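Here's the letter readout for the chains.
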Amino acid sequence: MEGVRAVAAIIERDGRVFCAHRTTSQCGPGWEFPGGHIEPGETPEEALRREIDEELGVRLSTLWLFDTVEHDYPTFHLSMDCFVCELAPGAEPELREHDEARWLRRDELLSVGWLPADQRIVAQLGMSWDAMFASEHL
């Protein structure tokens, strides 16, 4: 089975996290934390900064590795480094590759249909929300 290395941004702002909906992807339609493939020669951090600039037209000011998700889709194995992030001051995401976006509070996390690989991160977010977004991390 083909292996795919990717990154995802759990962007926090004002007690909410950013999620976006794709109508098409290798994984099918669904809600995700934005990100994408790691290109040859890139570190995961470099890939995440590039992908967020390409997909949302914004820069990240802070990021730290939260977890790596391993997930088998029918045609490939995904290894996805997930980072907790903040946007650069004044940055406002614009959708370039997604058709919809939302800022979700903790109690709204299950209000969208997450892609399978993102579901584990959503469960972890729900259980460790306060610790993840503590001021010493961001």
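Residues numbered from 1 in each chain as written. Predicted model: local features only at pLDDT ≥ 70, side-chain atom pairs only at ≥ 80, totals over all residues. Heavy atoms only, no water.

### What to know about the pattern of salt bridges
With the rule as written, the count across this model stands at 16 salt bridges. A salt bridge links Arg106 to Asp130; its shortest N-O distance comes to 3.8 Å. Of the two residues, Arg106 sits in the loop between strand E7 (100-104) and helix H2 (116-132) while Asp130 sits in helix H2, which places them 24 residues apart along the sequence. By relative accessible area, Arg106 is classed as partly exposed at 37%. Asp130 gets classed as exposed once you look at its relative accessible area, which sits at 58%. Look at the salt bridges and you will find they share partners, linking Glu39, Glu42, Arg50, Glu51 and Glu54 into a network. (Salt bridge = Lys/Arg side-chain N within 4 Å of Asp/Glu carboxyl O. Helix = DSSP H or I, 4+ residues; strand = E, 2+ residues; numbered from the N terminus. Buried < 20%, exposed > 50% of the residue type's maximum accessible area, 1.4 Å probe, protein only.)

### Description of the side chain of Asp67
Mapped onto the elements of the fold, Asp67 is located in strand E5 (residues 60-72). At a separation of 3.2 Å, a polar atom in the side chain of Asp67 contacts the side chain of Gln124. Sequence-distant contacts of Asp67, defined by excluding residues within four places in its chain, comprise Met80, Asp81, Cys82, Arg120, Ile121 and Gln124. (Polar contact = N/O pair within 3.5 Å; in protein donor to acceptor, adjacent residues only side chain to side chain. Contact = heavy atoms within 4.5 Å.)

### Describing the packing of aromatic side chains
Counting across every chain of the model gives five aromatic pairs. Look at Phe18 and Trp103: their rings are 5.1 Å apart centre to centre, the planes differ by 65 degrees, and that puts the pair in the edge-to-face class. Placement of Phe18 in strand E2 (residues 16-22) and of Trp103 in strand E7 is noted, with a sequence separation of 85 residues between them. Geometrically, the ring pair formed by Trp129 and Phe133 is edge-to-face, given 4.9 Å between the ring centres and 80 degrees between the ring planes. (Phe/Tyr/Trp six-rings, centres within 6.5 Å; stacked < 30°, edge-to-face > 60°.)

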